[in-house]
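Below, each chain spelled out in residue letters.
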Amino acid sequence: MTSTAEYKELESKYYMQVVRRMPPVLVRGEGTKVIDNDGKEYLDFTAGWAVLNLGHSHPEVTRAIQEQAGKILQMSNLFYTVPQLPLAKVIVDNSAADRVFFCNSGAEANEGAAKLARKWGKLKLDGAFEIITTLDSFHGRTQAMMAATGQPAYQDNWRPLMPGFVNVPYNDLEAIKAAYTESTCAVLLEPIQGEGGVNMPDDGYLKAVMDFCHEKNILFMLDEVQTGMGRLGTLFGYQQFDGVEPDVMTLGKALGSGAPLGAFTCKEFCSVLEPGDHGSTFGGNALTTAAGAAAARVMVDEDIPAESLKASAHLVGRLTALKEKYDFIKEVRGMGLLIGMEMTRDIAGAAVAESLENGLLLNAVRPNTLRFMPPLTVTNEEIDQAVDILDAALAKASAE
Ligand SMILES: *Cc1c(COP(=O)(O)O)cnc(C)c1O
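Residues numbered from 1 in each chain as written. Predicted model: local features only at pLDDT ≥ 70, side-chain atom pairs only at ≥ 80, totals over all residues. Heavy atoms only, no water.

**Let's talk about the side chain of Arg-231**
Mapped onto the fold, Arg-231 is located in the loop between strand E8 (219–223) and strand E9 (248–251). Among buried charged residues, Arg-231 stands out as having no salt bridge; its nearest opposite-charge side chain is Asp-44, 8.9 Å away. For Arg-231, the side chain forms a polar contact with the main-chain oxygen of Met-373, separated by 3.5 Å. Separated by 2.7 Å, the side chain of Arg-231 and the backbone oxygen of Pro-374 make a polar contact. (Helix = DSSP H or I, 4+ residues; strand = E, 2+ residues; numbered from the N terminus. Buried < 20%, exposed > 50% of the residue type's maximum accessible area, 1.4 Å probe, protein only. Lys, Arg positive; Asp, Glu negative; His and termini not counted. Salt bridge = Lys/Arg side-chain N within 4 Å of Asp/Glu carboxyl O. Polar contact = N/O pair within 3.5 Å; in protein donor to acceptor, adjacent residues only side chain to side chain.)

**What to know about the pattern of salt bridges**
A full pass over the atoms with the stated rule returns 21 salt bridges. Asp-384 is paired through a salt bridge with Arg-318; the nearest N and O atoms lie 2.9 Å apart. Taken together, the residues span a long stretch of sequence, with Asp-384 in helix H12 (residues 380–399) and Arg-318 in helix H10 (residues 304–325) at a distance of 66 residues. Residue class for Asp-384 comes out partly exposed when judged on its relative accessible area of 26%. Taking the shortest distance from any N to any O, the salt bridge between Glu-342 and Arg-333 comes out at 2.6 Å. Like Arg-333, Glu-342 is buried. One continuous salt-bridge network, built from bridges that share partners, spans Lys-330, Glu-331, Arg-333 and Glu-342.

**Notes on the sheet that holds strand E12 (residues 338–343)**
If you trace the 4 strands from one edge of the open sheet to the other, you get E11-E12-E15-E14, paired in antiparallel fashion. Strand pairing shows two members of the sheet lacking a second neighbour, strand E11 (329–335) and strand E14 (363–366), which therefore form its edges. Averaged over all neighbouring strand pairs, the angle between strand axes comes to 30°, with direction disregarded. Of the pairings in the sheet, the one linking E14 to strand E15 (residues 369–372) comprises 3 bridges and is antiparallel in character. From the neighbouring strand, Asn-363 faces E15, where its bridge partner is Arg-371. On the sheet, H10 packs against E11, E12 and E15 and is oriented at approximately 170° with respect to E11. Sheet strands touched by helix H11 (residues 348–357): E12, E14 and E15. Its angle to E14, the strand with the most contacts, is close to 170°. (Pairing = 2+ DSSP bridges. Axes fitted to C-alpha atoms, helices over the stretch in contact; angles between N-to-C directions. Contact = heavy atoms within 4.5 Å.)

**So, the packing of H11 against H12**
Here H11 crosses H12 at 130°, and the two axes come no closer than 8 Å. Classified by the interaxial angle, the pair formed by H11 and H12 is oblique. Where H11 crosses over H12, the handedness of that crossing is right-handed. Residue-level inspection shows Ala-350, Ala-351, Glu-354 and Ser-355 of H11 in contact with H12, the latter providing Ile-389, Leu-390, Ala-393, Leu-394, Lys-396 and Ala-397. (Parallel < 35°, antiparallel > 145°, perpendicular 65-115°, else oblique. Left-handed = near helix turned anticlockwise from the far one by under 90°.)

**A word on the pairing of strand E1 (residues 26–30)**
Here 4 bridges tie E1 to strand E2 (residues 33–36), and the two strands are oriented antiparallel to one another. When the bridges of E2 are listed, Glu-30 appears paired with Lys-33. Joining the antiparallel neighbours E1 and E2 is a turn of 2 residues, in which Gly-31 adopts a positive phi near 60°.

**Description of the packing of helix H4 (residues 84–93) against helix H9 (residues 286–301)**
Packing of H4 against H9 leaves a shortest axis separation of 8 Å and a crossing angle of 35°. You can see that H4 and H9 cross each other, and the crossing is left-handed. Here Gln-84, Leu-87 and Val-90 of H4 come into contact with H9, specifically with Thr-289, Gly-292, Ala-293, Ala-296 and Val-300. Looking at the contact of H4 with H9 residue by residue, the class counts come to 5 nonpolar, 3 polar and no charged. (Nonpolar A, V, L, I, M, F, W, Y, C, P; charged D, E, K, R; others polar.)

**Side note on unusual backbone geometry**
Residue Pro-160 is reached from Arg-159 by a cis peptide bond, and omega for that bond is 5°. Mapping Pro-160 onto the fold places it in the loop between helix H6 (143–148) and strand E6 (165–168). In this model, Lys-253 sits at a positive phi of 30°, which is unusual for a non-glycine residue. Within the secondary structure layout, Lys-253 lies in the loop between E9 and strand E10 (262–266). Taking the relative accessible area as the measure of exposure, Lys-253 reaches 21% and is therefore partly exposed.

**Quick notes on the sheet that holds E8**
Reading across the sheet, the 7 strands line up as E4-E10-E9-E8-E7-E5-E6 and stay open at both edges, with mixed pairing between neighbours. Both edges of this open sheet fall to strand E4 (99–103) and E6, since each of them pairs with a single strand only. Pairs of neighbouring strands in the sheet enclose a mean axial angle of 20°, with direction left out of account. Strands in contact with H4 are E4, E9 and E10; relative to E4, the strand with the most contacts, it is inclined by about 130°.

**Quick look at the side chain of Thr-288**
Tracing the sequence through the fold places Thr-288 in helix H9. For Thr-288, a relative accessible area of 8% gives the class buried. Each residue touching Thr-288, except ones within four places of it in the same chain, is listed here: Ala-259, Pro-260 and Leu-261.

**Observations concerning the site of the ligand**
Looking at the ligand, the residues that line it are Ser-105, Gly-106, Ala-107, Asn-110, Phe-138, His-139, Gly-140, Glu-190, Asp-223, Val-225, Gln-226 and Lys-253. The backbone of Gly-106 places a nitrogen or oxygen atom 2.8 Å from an oxygen atom of the ligand. Contact distances for the ligand include 2.7 Å between a nitrogen atom and a side-chain N or O atom of Asp-223. Surface burial for the ligand is 82%, taken as the share of its 380 Å² of free accessible area covered by protein chains. Here the shell around the ligand gets 3 residues from one element, more than from any other, and that element is helix H5 (residues 106–124). (Near = heavy atom within 4 Å. Areas by Shrake-Rupley, 256 points an atom, 1.4 Å probe, with all protein chains shown as cover.)

The following block contains the structure:
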């Protein structure tokens, strides 16, 4: 057996050092639990980065992948791919979307959406090409999505950025109106900013932006890569907001339940991509869409998003109790099982490190903000265990 130290040596010698890894080498998972190479168990409140909404190794997803692997993995895009079709239907049947295109990641989904928006601009808006996005957003790490992502840390080393993106403050309709010109073809927003720190939209913001887009005949596009597939307590995040419906929606993360799968959708009126306009060798591959189709079926049949609201209420209740206990906790916010806890001190990293020691995987999304994104199947008992670990970690981190 390869030891944990040997894995770390292999990584430091052979792998590009683009991220500082957490200490454990995780090798197995089931539900909310993961196990490292030395047999230590953890509660995973990161869920493979909001990917494992059904938990690790969900039996239906595992079976679908195994069965599909024994049949056929890959066709050319010139041929029908069978598992794609039921998944596309589930998405369309349960959302405002009329059509779906599958790709391999969230960034690629947003790239596709941006291409669709530019085609819309070319056909309907006299060549308009500019897309308005927000500061503190996250849309991925491709050349175009770095320009869309309004955060200096994702942009500064790679200037000049791709033209055609304008970043304005989130929750500021007037800023969108001011940024709008005859060159604008779309607005792209996250319903809740995930990587930006679990930032909530103000009441009415999303609807007002949508109405403005429709007034100007530009596309209202929602990046649901993190908020989609039940994370906010409805299958798609926008369904939590009255009267809000995206013209274009992007998905990723939990869509494949761990298999690399992304998608962008559109309504029929803006279905402007034609044969030859877009494609992807692996996009919508039989294996990834088999996983996605199985996951979506479980999600819908078992009403997992709505069920997860009970766990959400329990988690928020426990975190709110911590807020009463520690005066440095400023705010508990979020929706469904995308929850942020902001503090007045930059101790999120220390709290994460201490929690890890005691068997809890958490994310410090900002130096002063913790993010909770467990599987939607997390139990109240697991939430209790996790919050107890966090409680002790905060006591220690705040004393240092
Ligand atoms: C994670 C994320 C992306 C990027 O997805 P990748 O699969 O890493 O390319 C895009 N948008 C949002 C909102 C995300 O959370």
